[in-house]
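Coordinate analysis (summary)
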Amino acid sequence: MKRSDYLRQGKSENYQDAEAKGLLKAGEAAVLLSKKFNIKISAKELGVFSTEWHHAGVFKGAKNGRLIGRKVYFFSATALNNISLDAILANRNKAAEKTPPDNTPVQGWYPQFFRMTDPVTRKTFSMPFIGIYRGPASKAPKGFRPLGDEAFAIAEKQRGKALKPGEEPGF
């Protein structure tokens, strides 16, 4: 019976058991806490206070169309009474205090990979090349290595040069 419910509803057995026990979902808990504290609380904010979550199925993502699983957080009535307004507000403040990105200017090189095809065997392989980057540190590419002004000028002349596997260019 539960298997057919899963196929029809897209809910796992544990999700169905939690519903049968009468546990509240995060959205329902958020409505109750909003009324209790007289302040707007979202279901997303309550995820950190949950002791139990279950899969609610697999759905297409909004941005890229990939299949993603969705978590639904559950709360018992006693656990809901233990959540204080101070804890919710402290969690909000912690989320708001994220560090800004590091925008200090950097310059250097990084290994840049391109897919190449062998014309005889038609096999593809990745070939490393020297890539150059100058910009904010927060947007530096993977494998970035900073260089001084003199070394950076030499590296700019070697931009696009093929590297052998494991080779480190000397600037």
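The paragraphs below set out a description of the structure included in this document. (Residues numbered from 1 in each chain as written. Predicted model: local features only at pLDDT ≥ 70, side-chain atom pairs only at ≥ 80, totals over all residues. Heavy atoms only, no water.)

A short note on the overall build of the chain
For the chain, the count of helices and strands is six helices and six strands. Listing every helix and strand of the chain by position from the N terminus yields α-α-β-α-β-β-α-α-β-β-β-α. The long-range share in the chain, meaning contacts at least 24 apart out of those at least 6 apart in sequence, stands at 55%. Counting only carbon and sulfur atoms, one obtains 55% of the accessible surface of the chain, whose full area is about 12300 Å². (Helix = DSSP H or I, 4+ residues; strand = E, 2+ residues; numbered from the N terminus. Contact = heavy atoms within 4.5 Å. Areas by Shrake-Rupley, 256 points an atom, 1.4 Å probe, with all protein chains shown as cover.)

Some thoughts on the nonpolar core
If you look at the biggest cluster of nonpolar residues, it comprises 10 residues: Ala26, Ala29, Ala30, Leu33, Ile41, Leu46, Phe75, Leu80, Ile83 and Ile88. With eight residues, the next largest nonpolar core counts Ile132, Leu147, Ala151 and Ala155 among its residues. (Core = buried A, V, L, I, M, F, W, Y, C linked by side-chain atoms within 4.5 Å. Buried < 20%, exposed > 50% of the residue type's maximum accessible area, 1.4 Å probe, protein only.)

Section: the side chain of Gln107
Within the secondary structure layout, Gln107 lies in strand S4 (residues 105–117). A polar side-chain atom of Gln107 sits 3.0 Å from a polar atom in the side chain of Arg134. At 2.7 Å, the side chain of Gln107 forms a polar contact with the side chain of Asp149. For Gln107, the contacting residues outside a window of four places in its chain are Tyr133, Arg134, Phe144, Pro146, Leu147, Gly148, Asp149 and Phe152. (Polar contact = N/O pair within 3.5 Å; in protein donor to acceptor, adjacent residues only side chain to side chain.)

Structural notes on the sheet that holds strand S6 (residues 145–146)
Here we have three strands laid out as an open sheet, ordered S5-S4-S6, and antiparallel in their pairing. In this open sheet, the two edge strands, each paired with only one partner strand, are strand S5 (124–136) and S6. As paired strands, S4 and S5 are joined by 13 bridges and run antiparallel to one another. Bridging from a neighbouring strand, Phe114 pairs with Met127 of S5. (Pairing = 2+ DSSP bridges.)

Details of the pairing of S4
Hairpin geometry of S4 and S5 is characterised by an intervening segment of six residues between the two adjacent antiparallel strands and by a positive phi of about 65° at Arg122. As paired strands, S4 and S6 are joined by two bridges and run antiparallel to one another. By the bridge assignment, Gly108 is partnered in S6 with Pro146.

Some thoughts on a nonpolar patch on the surface
Taken together, the side chains of Phe114, Met116 and Phe125 make up a nonpolar region of the molecular surface, amounting to roughly 270 Å² of accessible area. Along the chain, Met116 turns up in strand S4. (Patch = residues over 30% accessible without salt bridge, like charges linked within 9 Å, V, L, I, M, F, W, Y side chains within 5 Å. Salt bridge = Lys/Arg side-chain N within 4 Å of Asp/Glu carboxyl O.)

Let's talk about the packing of aromatic side chains
Ring pairs (aromatic) are described by centroid distance and by the angle formed between their planes. For the structure shown, the criterion picks out three aromatic pairs. Between Tyr15 and Phe74 the ring centres are 5.3 Å apart and the planes differ by 75°, which places this aromatic pair in the edge-to-face class. Separated by 59 residues along the polypeptide, Tyr15 in helix H2 (residues 13–21) and Phe74 in strand S3 (residues 67–75) bring together distant segments of the chain. By relative accessible area, which is 3% here, Tyr15 ends up buried. Owing to a relative accessible area of 1%, Phe74 belongs among the buried residues under this scheme. One residue, Lys71, lies across the ring of Trp53, its end atom 4.4 Å from the ring centre. (Phe/Tyr/Trp six-rings, centres within 6.5 Å; stacked < 30°, edge-to-face > 60°. Lys NZ or Arg CZ within 6 Å of the ring centre and 35° of its normal.)

Points about helix H6 (residues 149–157)
All of the buried residues along H6 are Ala151, Phe152 and Ala155. All buried residues of H6 lie within an arc of 100° about the axis, which places them on one face of the element. Set apart from the buried face of H6 by more than 90 degrees, the exposed residues are Asp149, Glu150 and Lys157. (Arc of directions from axis to C-beta.)

Things to note about the pattern of salt bridges
Throughout the structure, instances matching the rule amount to three salt bridges. Residue Glu45 pairs with Arg92 through a salt bridge whose shortest N-O separation is 2.4 Å. With Glu45 in the loop between helix H3 (26–37) and strand S2 (52–60) and Arg92 in helix H5 (residues 85–96), this residue pair connects regions lying 47 residues apart in the sequence. Classification of Arg92 as partly exposed rests on a relative accessible area of 27%. For Arg145, the salt bridge identified is with Glu168, shortest N-O distance 3.8 Å. Placement of Arg145 in strand S6 and of Glu168 in the segment after H6 is noted, with a sequence separation of 23 residues between them.

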